[in-house]
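The chain contents come next:
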Amino acid sequence: MNSDTPSLPVRHKILVVDPIAPQALEQLRVTYDVTVRMQPSEADLVHLMPGMEAIVLRSGVKVSANVINGARQLKVIARAGNGTDNIDLTAAKRAGIQVFNIPSVSSGSVAELALGLTYAVTRHIALADRQIRSNIWRKSELAGIELAGKTMGVVGLGNIGSRLAALACGVGMQAVGSVGRPTQERKAEFARTGITLMSIGEVLRNADVVALTCPLNDRTRNLITTAELATMKPGAYLVNVSRGGVVNENDLYDALTRRHIAGAAIDVLAIEREPSRLSELDNVVLTPHIGAMSVDSQTRIGAMLLDGLALSLACQDAPTRIV
């Protein structure tokens, strides 16, 4: 071959294990050598990783230390959405792997779903749908509450929580909320947007609807247990669009069966793709972690994913490391 012949660009090997926007996947295939295996088990993932230089995932797959340690060519872990709680960051750092996520882009979608779930559980929309499909007409048993004039309590006033509070104000609710590190400055800042900053205990005691929009970490794991549920108003509702581990689901089940709280709407379960006892209850609305799954947000995430992968692989482009 003539030495002047330009070399072909390197086609990095990328594994995609969770759904991403179709146009983003199509563009990935133009640029990279892409393998798609939807939501493999950990054992399958270990077998898939050799030779892969990047992995693209959402919340459906866990990248454990075992997976990372067996992936000698892996350079980048790309989380197409908020959070990195399903990635062993310590193992990734030790192996010199760059990890990035795409926060905030789907905040509006998650906030809108949280408000939708609030309507679904407070007006028994999902239960009414199930009943009428079975030709059951029990209108008198489906009386719900109006949200206008009620109090929305948001635990975690980040991008999602702040948007949800604004949406709640827009339908006539009062908005209160809590943050991990409250200051007088933040209290004044939230007050200017119509949100009253409180401690989490005050939020639980005062809210008619408590929405969880906080990240999962050591401080928030099992944040809501029997003790916290007992402080909520009788007849209040719990909405969780954060992570399943924030709520002790056995304690929530007991509170719901005892009707201490009126109902719950859950987009995030502690163990996904497995049966949950919460599905037994008519005062629960469940969705399969679809907070960010709007066409609009997925299109935005897809575009940012492409940019992030290109930059990360360029920065990490180096000889295979020895682990």
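Quantities reported herein were computed from a predicted structural model and do not represent experimental measurements.

Enquirer: It is not clear to me how the pattern of salt bridges should be interpreted in this structure. Could you clarify?
Expert: Per the counting criterion, the structure on display carries five salt bridges. Notably, a salt bridge pairs Arg243 with Asp85, separated by 3.0 Å at the nearest N-O pair. Residue Arg243 is found in the loop between β10 (237–240) and α11 (249–257), and its partner Asp85 is found in the loop between β4 (76–79) and α4 (89–94); the two are separated by 158 residues along the sequence. Taking relative accessible area as the criterion, Arg243 reaches 14% and is therefore assigned buried. You can call Asp85 partly exposed: its relative accessible area is 38%. Here Arg130 makes a salt bridge to Asp282, at a shortest N to O gap of 3.5 Å. Residue Arg130 is located in helix α6 (residues 125–133), and its partner Asp282 is located in the loop between β11 (263–266) and β12 (284–286); the two are separated by 152 residues in the primary sequence. Residue Arg130 is classed as partly exposed on the basis of its relative accessible area, which comes to 37%.

Enquirer: What should I look at first to understand the pairing of strand β6 (residues 151–155) in this one?
Expert: Remember that side chains alternate between the two faces of the sheet whenever the strand is regular. By the criterion of burial, β6 is predominantly enclosed, with five of the five residues buried. Two elements, β6 and strand β7 (residues 174–178), share five bridges in a ladder whose sense is parallel. The residue bridging Val155 from the neighbouring strand is Ser178, located in β7. A crossover links β6 with its parallel partner β7, the connecting element being helix α7 (residues 159–170), and its sense is right-handed. In the sheet, β6 pairs with strand β9 (residues 209–212) via four bridges, with the strands oriented parallel. Within β9, the position partnered with Val155 by the bridge is Leu212.

Enquirer: Which parts of the structure should I look at to understand α11?
Expert: Each full turn of the α-helix corresponds to 3.6 residues, which orients residues three or four apart in the same direction. Buried residues of α11: Asp251, Leu252, Tyr253, Ala255 and Leu256, and no others. Elements that come into contact with the buried residues of α11 comprise α10 (226–231), β10, β11 and β12. N-capping of α11 is provided by Asn248, with a side-chain oxygen placed 3.1 Å from the backbone N of Asn250. In the stretch just after α11, Arg259 is the one whose phi turns positive, near 60°.

Enquirer: So what exactly am I meant to see when it comes to the environment of Leu115 here?
Expert: Mapped onto the secondary structure, Leu115 falls in helix α5 (residues 107–122). Every residue in contact with Leu115, bar those within four places of it in the chain, is listed here: Leu147, Leu164 and Leu167.

Enquirer: Could you clarify how one ought to interpret the packing of α5 against α7 in this entry?
Expert: The packing of two helices is summarised by the inter-axis angle and the distance between the axes. Packing of α5 against α7 leaves a shortest axis separation of 8 Å and a crossing angle of 50°. Compared by their axis directions, α5 and α7 come out oblique. Here the hand of the crossing between α5 and α7 comes out right-handed. Every residue of α7 that contacts α5 at Ser107, Gly108, Val110, Ala111, Glu112, Ala114 and Leu115 is listed here: Asn159, Ile160, Arg163, Leu164 and Leu167. A class-by-class count of the residues in the contact of α5 with α7 yields seven nonpolar, three polar and two charged.

Rules used in this analysis
Residues numbered from 1 in each chain as written. Predicted model: local features only at pLDDT ≥ 70, side-chain atom pairs only at ≥ 80, totals over all residues. Heavy atoms only, no water. Salt bridge = Lys/Arg side-chain N within 4 Å of Asp/Glu carboxyl O. Helix = DSSP H or I, 4+ residues; strand = E, 2+ residues; numbered from the N terminus. Buried < 20%, exposed > 50% of the residue type's maximum accessible area, 1.4 Å probe, protein only. Pairing = 2+ DSSP bridges. Right-handed = clockwise from strand over helix to strand, strands pointing away. Contact = heavy atoms within 4.5 Å. Polar contact = N/O pair within 3.5 Å; in protein donor to acceptor, adjacent residues only side chain to side chain. Axes fitted to C-alpha atoms, helices over the stretch in contact; angles between N-to-C directions. Parallel < 35°, antiparallel > 145°, perpendicular 65-115°, else oblique. Left-handed = near helix turned anticlockwise from the far one by under 90°. Nonpolar A, V, L, I, M, F, W, Y, C, P; charged D, E, K, R; others polar.

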